[in-house]
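# Structural features, examined
Residue strings, one per chain:
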Amino acid sequence: GDSRSAIIQLKNVLQKNPDSKEARTLLGNIYNEIGDPLSAEKELRKAIELGVSKPTVLKALATSLLAQNQFQKVLDEMSGDTRIASDADFVCLQGAAFSGLGKMSEAKQAYQQALQIKPDFPKALIGLAKIAWFQNDLEGANQYATLAVKQNSQSAEAWQFKGDLLRVQGKPEDAIGAYGEALKFD
């Protein structure tokens, strides 16, 4: 759970063995976790260069690209991977990329597909809530956000989004409560 120390340890490993595929992959994943998508992408691409199969790191790579608002690159990197149609995480990454490109119809389809694969999947429910919110359907956004926290009461991501939604609606005390729930789980 100590990401900073893990980064130091992995960098020490890479000083001794710069071609360590495992260290590069782990470092890329940790960089994603701490919110450094540029470093994550760099390490994950280096891991691929060193021989890690692209499918092994594709989710992490797509996550780093998404965080950099490189939405078309996410779709390009994922194209042709057969796992996308059956993995709710992949489908949600695709949905987020479509949403970032302003293709709300495709994004909505992707999130609905993710829910068919994995009912009550928080990322899909949050994605649908964001689409509703962006389309000024506050009631729909609230319904999806409420469903996300109800069906996934230990999802920090669901609680954080619920808090964000409450905050923009001028309900600071309720938002603080939702953020408190998010902190419990992350």
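Residues numbered from 1 in each chain as written. Predicted model: local features only at pLDDT ≥ 70, side-chain atom pairs only at ≥ 80, totals over all residues. Heavy atoms only, no water.

## Observations regarding helix α6 (residues 88-100)
Where we set the bar: Put simply, DSSP H or I for four residues or longer makes a helix, DSSP E for two residues or longer makes a strand, and each gets a number counted from the N terminus. Each helix should span, by expectation, one fewer than its residue count multiplied by 1.5 Å. Throughout this description, buried means an accessible area under 20% of the type-specific maximum (1.4 Å probe, protein chains only), exposed means over 50%, and partly exposed covers the range between. Contacts are residue-level and defined by heavy atoms, with any inter-residue pair within 4.5 Å sufficient. For this analysis, a polar contact is any N or O atom pair within 3.5 Å, provided that within protein one partner can donate a hydrogen and the other can accept it, and provided that sequence-adjacent residues contribute only side-chain to side-chain pairs.
Between its first and last C-alpha, α6 extends 18 Å over 13 residues, near the 18 Å set by a 1.5 Å rise per residue. Among the 13 residues in α6, ten count as buried, and that is most of the element. Buried-residue contacts for α6 involve α4 (54-67), α5 (71-78), α7 (104-117) and α8 (122-134). A distance of 2.9 Å separates the backbone nitrogen of D89 from a side-chain oxygen at the start of α6, and that oxygen is part of D87. Residue G102 follows α6 closely and has a positive phi angle near 80°.

## With respect to the pattern of salt bridges
Basically, it comes down to this: Salt bridges are defined as contacts in which a side-chain nitrogen from Lys or Arg sits within 4 Å of a carboxyl oxygen from Asp or Glu.
Evaluation of the coordinates by the stated rule reveals ten salt bridges. Between D89 and K59 there is a salt bridge, with the nearest N and O atoms lying 3.6 Å from each other. Taken together, the residues D89 in helix α6 and K59 in helix α4 connect sequence positions 30 residues apart. Overall, the relative accessible area of 23% leaves D89 in the partly exposed class. The partly exposed category is assigned to K59, whose relative accessible area is 30%.

## Some words on the packing of α5 against α6
Axis angle and axis distance: for two packed helices, these are the angle between their axes and the distance between the axes, and together they describe the pair. Put simply, the rule reads: Structural elements are reduced to axes, namely lines fitted to C-alpha atoms, with helices fitted over the stretch in contact, and the angle between N-to-C directions of any two is expressed from 0 to 180 degrees. Put simply, a crossing is left-handed when the front helix is turned counterclockwise from the back one by less than a right angle, and right-handed when it is turned clockwise. Amino acid classes used here: Ala, Val, Leu, Ile, Met, Phe, Trp, Tyr, Cys and Pro are nonpolar; Asp, Glu, Lys and Arg are charged; the rest, including Gly, are polar.
Contact geometry of α5 with α6 gives a least axis separation of 8 Å together with a crossing angle of 145°. For the pair α5 and α6, the crossing hand works out as left-handed. On α6, the residues touching F71, V74, L75 and M78 of α5 are F90, L93, Q94, A96, A97, F98 and G100. In terms of residue class, the contact of α5 with α6 is made up of nine nonpolar, two polar and no charged.

## With respect to the nonpolar core
Keep this limit in mind: The set of buried Ala, Val, Leu, Ile, Met, Phe, Trp, Tyr and Cys residues whose side-chain atoms join them within 4.5 Å is what this entry labels a nonpolar core.
Formed by 48 residues in total, the largest nonpolar core has its most connected members in L66, V74, M78, Y111 and A124. It is α6 that provides the largest number of residues to this core, a total of eight residues. Among residues more than four places away in sequence, those in contact with Y111 are C92, G95, A96, K123, A124, G127, L128 and I131. By size, the runner-up hydrophobic cluster in this structure holds eight residues, among which are L27, I30, Y31 and A40.

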